[in-house]
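Descriptive structure summary
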Amino acid sequence: MKIYTDEFDPENLDIEKWLREENSEKLQSLYNYADSLREKTVGDEVHIRGLLEITSFCSRSCMYCGMRKEREINRYRLTREEILESADFAIETGYETLVIQGGEDFKIKVDVIAEIIKNIKAKKDIAITLSLGERKYEELKLWKEAGANRYLLRFETSNMELLKKIHPCLKNSSRTRIDILRELKELGYETGSGVMVGIPGQTYEDLAQDIKLFRELNLHMIGLGPFIPHPATPLGNIDKKIWNMENQVKPDETMVYKVLALTRIIYPGINIPATSALTAINMKHGMTNALRSGANVFMVNITPERYWNNYDIYDTRNENPDLKKITLETVTEQIHSIGRKIGVGRGDSSTFTLK
Ligand code: 5AD
C-alpha cells in the first residue's frame, strides 16, 4: 500500500526546510498530512498511561533540569508500599500501562524495583514502562526479567558537542544514551526516546538530524517537548538575544507541532505522546493540538498529590495549579471532543516487532 504522496515522501522530505517554515497554511497542510498518516497507521485510539514519579532525587547535573543534584530542594522517594498502592490504584482505575519514572537516583534499590515489578505483574499483566535514567546493563536486564516491558530514555540531542555542554557525563563512562538505547532493544524492551525542542545552542540542522536518528535507531516511541527554561538552572537565565539567532531553534509550541508531524511522517507506525511539557505551555489546547498533528498517546500523572510540588523538573510545573486538574475524566472529554477514542488494551507500539 502506498501511503505517501510525493510531497511528503520521506525520501524527498526536506526536514530542515519544514522546521523553518512559517506560513500557517503550509504548516496546517503538514499537520493534516501527519494526522492522516496517524489515522492510517495507528488509528483513532489514544492510549492513556498512568505516570508515577517515584523519586525526585537525582545524581546528575543536567544544565536544563530543575532536579539537578546541586539544588537544595525538598526531595522525595516513594516507599515500596506507596508504589504498590499507586499501582493498585492504576489497575483499579483501568490503566493498562504504568509508567514508573524518576530522577537518576542510585539509592533506589534495584532489587526492590524488580520485586515491585513482579508484584504488580502478578496482579494484572499491565504494561510496565520504566524511565529511571542511565542504568547499568545488568540492572536493565534484571528489570526486564522481572517483567518490565518498556523503557524511556531521551537522547535529548544528537549533536554530541551540544550534549556535552548540557548534560555532563557520568565519570569514567563512555557509554552514551544511544548505546543504552541499543542495549534496551537488544534486551527486548519496547524502547522510547526523544528530544527537547529549542535547547539553547540547538540548530535546525541538529533537530533535523534528531528526527532522522529516531528512524535509524528503529525506536518504538518518541517523546517530544519544548525546552522550558528553569530559572534555578544554568540554562534558565541565558541571554534572550540567543532566540533571535538565525540557526537557533525556538522552544515554542509551533516548533513542537512541526517536529511531532515530521516524526510521524518519517516514521509512521510509532507511538508518540502529547507530552506534559507541551501541556504545561498550553493547558487548554496543547494536548489536542498535538493529537491532531501526529500524537496518539497521553500520560496522566497519578503520583500522590502530596509529592507534586517536589518534582521540579521545569518551570511552571509546580506553580501551575491547573496541571493538577488534568484527570482521566478531563482527558477523556478532550479526546472525545476531537472525535477520537480512548485506546483499549495495552497499546503496544505497532513497530515493536522491529529490531
Ligand atoms: N524543559 C523541558 N524539558 C525538560 N526536561 C528536563 N528538563 C527540562 C526543561 N527545563 C525533559 C528532558 C528529560 C525529561 C524527563 O524531561 O527531556 O529527558
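Look above for the structure.
Residues numbered from 1 in each chain as written. Predicted model: local features only at pLDDT ≥ 70, side-chain atom pairs only at ≥ 80, totals over all residues. Heavy atoms only, no water.

Considerations on the overall build of the chain
The number of helices and strands found in the chain is twelve helices and nine strands. Over its C-alpha trace the chain gives a radius of gyration of 19 Å, about what one expects of a compact globule, namely 20 Å for 355 residues. Seen through its C-alpha atoms, the chain measures out along the principal axes to roughly 50 × 45 × 40 Å. Within the chain, the proportion of its 355 residues that are buried is 58%. Accessible area of the chain: about 15700 Å², with a carbon and sulfur share of 50%. (Helix = DSSP H or I, 4+ residues; strand = E, 2+ residues; numbered from the N terminus. Rg over C-alpha atoms; globule rule 2.2 N^0.38 Å. Buried < 20%, exposed > 50% of the residue type's maximum accessible area, 1.4 Å probe, protein only. Areas by Shrake-Rupley, 256 points an atom, 1.4 Å probe, with all protein chains shown as cover.)

Let's talk about the pattern of salt bridges
Throughout the structure, instances matching the rule amount to 26 salt bridges. Between Arg-77 and Asp-105 there is a salt bridge whose closest N-O contact spans 2.7 Å. Taken together, the residues Arg-77 in the loop between strand S1 (45–55) and helix H3 (80–93) and Asp-105 in the loop between strand S2 (97–102) and helix H4 (110–123) connect sequence positions 28 residues apart. Residue Asp-105 is classed as buried on the basis of its relative accessible area, which comes to 3%. (Salt bridge = Lys/Arg side-chain N within 4 Å of Asp/Glu carboxyl O.)

Overview of the side chain of Arg-68
Among the structural elements, Arg-68 can be located in the loop between S1 and H3. Residue class for Arg-68 comes out buried when judged on its relative accessible area of 10%. Within polar-contact distance, the side chain of Arg-68 engages the backbone oxygen of Ser-61 at 3.0 Å. (Polar contact = N/O pair within 3.5 Å; in protein donor to acceptor, adjacent residues only side chain to side chain.)

Section: the packing of H4 against helix H5 (residues 137–146)
Interhelical geometry of H4 versus H5 gives an angle of 20° and a closest axis separation of 8 Å. Between H4 and H5, the angle falls in the class roughly parallel. Every pair of crossing elements has a handedness; the one defined by H4 and H5 is right-handed. Side by side, H4 and H5 meet where Val-110, Asp-111, Ile-113, Ala-114, Ile-117 and Lys-118 of the first sit next to Glu-139, Leu-142, Trp-143 and Ala-146 of the second. Here the contact of H4 with H5 is built from residues that sort into seven nonpolar, no polar and three charged. (Axes fitted to C-alpha atoms, helices over the stretch in contact; angles between N-to-C directions. Parallel < 35°, antiparallel > 145°, perpendicular 65-115°, else oblique. Left-handed = near helix turned anticlockwise from the far one by under 90°. Contact = heavy atoms within 4.5 Å. Nonpolar A, V, L, I, M, F, W, Y, C, P; charged D, E, K, R; others polar.)

Points about the site of the ligand
In the vicinity of the ligand, the contacting residues are Tyr-64, Cys-65, Arg-154, Glu-156, Met-196, Pro-226, Phe-227, Ile-228, Ile-313 and Tyr-314. Here an oxygen atom of the ligand and a side-chain polar atom of Arg-154 are 2.9 Å apart. A distance of 2.5 Å is found between an oxygen atom of the ligand and a side-chain nitrogen or oxygen belonging to Glu-156. When the ligand is considered free in solution it has 400 Å² of accessible area, and contact with the protein chains removes 84% of it. Residues that form the shell around the ligand fall into these classes: eight nonpolar, no polar and two charged. (Near = heavy atom within 4 Å.)

Overview of the pairing of S1
Among the eleven residues of S1, ten are classified as buried, and the element is accordingly described as predominantly covered. Of the pairings in the sheet, the one linking S1 to strand S8 (residues 297–301) comprises five bridges and is parallel in character. By the bridge assignment, Gly-50 is partnered in S8 with Val-300. Regarding the hand of the β-α-β motif, the stretch spanning S1, H3 and S2 is right-handed. (Pairing = 2+ DSSP bridges. Right-handed = clockwise from strand over helix to strand, strands pointing away.)

Topic: unusual backbone geometry
Even without being glycine, Glu-156 reaches a positive phi, approximately 70°. Inspection of the secondary structure assignment puts Glu-156 in the loop between strand S4 (150–152) and helix H6 (160–166). A positive phi angle, close to 50°, is found at Asn-218, a residue other than glycine. Structurally, the position occupied by Asn-218 is in the loop between helix H8 (204–216) and strand S6 (221–226).

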